[in-house]
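Below, each chain spelled out in residue letters.
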Amino acid sequence: MLYRKMPKNGDELSILGFGLMRLPVTKEGRIDAPRAVRQIQDAIDQGINYLDTAWPYHAGESENVLGRALADGYRDKVKIATKLPSWMIKSRTDMDTYLNAQLKKLQTDRIDYYLLHALAGQPWDQLEALGVKDFLDEAKADGRIVNAGFSFHGRLDDFKRIVDGYPWEFCQIQYNYLDEENQAGTEGLRYAASRDLGIVIMEPLRGGNLGLPTPPADVGAVWEKAAVKRTPVEWALRWVWNHPEVTVVLSGMNEEAHIEENLAIASEALPNSLTEDELKLVEAASRKYKTLMKVGCTGCGYCMPCPSDVHIPGCFEVYNKMHMFGNEQEGKFMYAIRMSGMISGTPGWASQCVQCGECLEKCPQQIEIPDVLESVAEELEDADLEKRVAMGKKMLNIE
Ligand code: SF4
Ligand code: SF4
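Residues numbered from 1 in each chain as written. Chains lettered and ligands numbered in written order. Predicted model: local features only at pLDDT ≥ 70, side-chain atom pairs only at ≥ 80, totals over all residues. Heavy atoms only, no water.

1. A look at the sheet that holds strand β8 (residues 170-174)
Here comes step 1: Around the barrel, which closes on itself, the 8 strands sit in the order β3-β4-β5-β6-β7-β8-β9-β10 with parallel pairing between neighbours. This sheet shows a mean twist of 30 degrees between the axes of neighbouring strands, independent of strand direction.
Here comes step 2: Of the pairings in the sheet, the one linking strand β6 (residues 111-119) to strand β7 (residues 145-152) comprises 6 bridges and is parallel in character. Bridge assignment links Ile111 to a residue of β7, and that residue is Ile145. (Pairing = 2+ DSSP bridges. Helix = DSSP H or I, 4+ residues; strand = E, 2+ residues; numbered from the N terminus. Axes fitted to C-alpha atoms, helices over the stretch in contact; angles between N-to-C directions.)

What follows is the structure, given as structure tokens:
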């Protein structure tokens, strides 16, 4: 296992972090706890020392299972990361209530890396108004949390604003070879690194899709040209680790074989270790994926805000993902979670578009936004939409 240093505190963290949102489950859909505990302890024995969970993962069970896995003398070998469920916070008191409950579930007296979960501009403004900076200061002073950070799924300008809004030790962003210009993207990665933040990466495989053993044929043909043959998972992970700004890459692992594969890749993924030719291949694969996209949206967010609250870049991101990877059910489910406003507080459905045209001249890609939104609504807002919203709320423990 290779390790990289957290810039502000010198912690040596394994470059592969164990993401605990997709643990193995039983036929009834609950975590297969004995198997999950074994996997976590084995991974620690093989050098992983960063474990990432959150309040809503596995409907609240992930934190409990991690607490159980670390009870047998493993706690002091690792750093635990968990997150404040930002969307459930209605008062300053709620922040302490959740943190104290999490300490109990994790059977520990401190969270090494504590994040505000799923920030974007609006949730950050709300938390700030409710006193989240004071909460973080206090929890650090009394030792309940050691390092403060945030995870992010919003626009680049909001990302920079949040980076500069508190003396964070770290942040967590979505980053992979398709998302260089989406959300925080490469510019955000460099911005956070220039301010000495450690950077934890989520979605290095875009929800597993970049790691499918059989990629779309055009992409497979690109990998065939490589002098050194690698699996799609290895290309995707190696590309992320090639960036020296990256500290830890999270992988949501639940199969023993995947854990072994990731551990092997993590043992040789040094920064700047891909050759020029290999980087060109990854660029070519990325271009191929992008030709499969339905809409050429880069997620820049210049079209926002929409007077009808349509979350334009979010709608296009989910729509593209569904068409690139052909996973219709997952696409529709993600759309229901993200656009219902259950996390952000404001619904942003494509069908809210009233065709006012205000966004059209703001889009640098000259996308016919209202027309494409109509197609998004047609495909993703079917008769089962309400059922998916209800299922999402249940999964995230939202009333
Ligand atoms: S055309 Fe639709 S998406 Fe664009 S600003 Fe108007 S309501 Fe919003
Ligand atoms: S629709 Fe255009 S302006 Fe809006 S996020 Fe996409 S590329 Fe940017």
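That was the structure; now back to the text.
2. Re the site of ligand 2
Here comes step 1: Near ligand 2 lie 13 residues; those nearest to it are Cys297, Cys300, Gly301, Cys303 and Cys363.
Here comes step 2: Here the residues of the shell around ligand 2 sort into 9 nonpolar, 4 polar and no charged. (Near = heavy atom within 4 Å. Nonpolar A, V, L, I, M, F, W, Y, C, P; charged D, E, K, R; others polar.)

3. Description of the environment of Ser344
Here comes step 1: Mapped onto the elements, Ser344 comes out in the loop between α13 (328-339) and α14 (369-380).
Here comes step 2: Assessed through its relative accessible area of 24%, Ser344 is described here as partly exposed.
Here comes step 3: Counting along the chain gives 222 residues from Ser344 to Gln122, while the straight-line C-alpha distance between them is 7.2 Å. (Buried < 20%, exposed > 50% of the residue type's maximum accessible area, 1.4 Å probe, protein only.)

4. Looking at the pairing of strand β10 (residues 248-252)
Here comes step 1: Burial within β10 is extensive, with 4 of its 5 residues counted as buried.
Here comes step 2: Of the pairings in the sheet, the one linking strand β3 (residues 16-19) to β10 comprises 4 bridges and is parallel in character. Note on β10: the bridge partner recorded for Gly17 is Leu250.
Here comes step 3: Sheet topology note: the strand β9 (residues 198-202)/β10 ladder contains 2 bridges and is parallel. Each bridged residue has a counterpart across the sheet, and for Val200 the counterpart in β10 is Val248.

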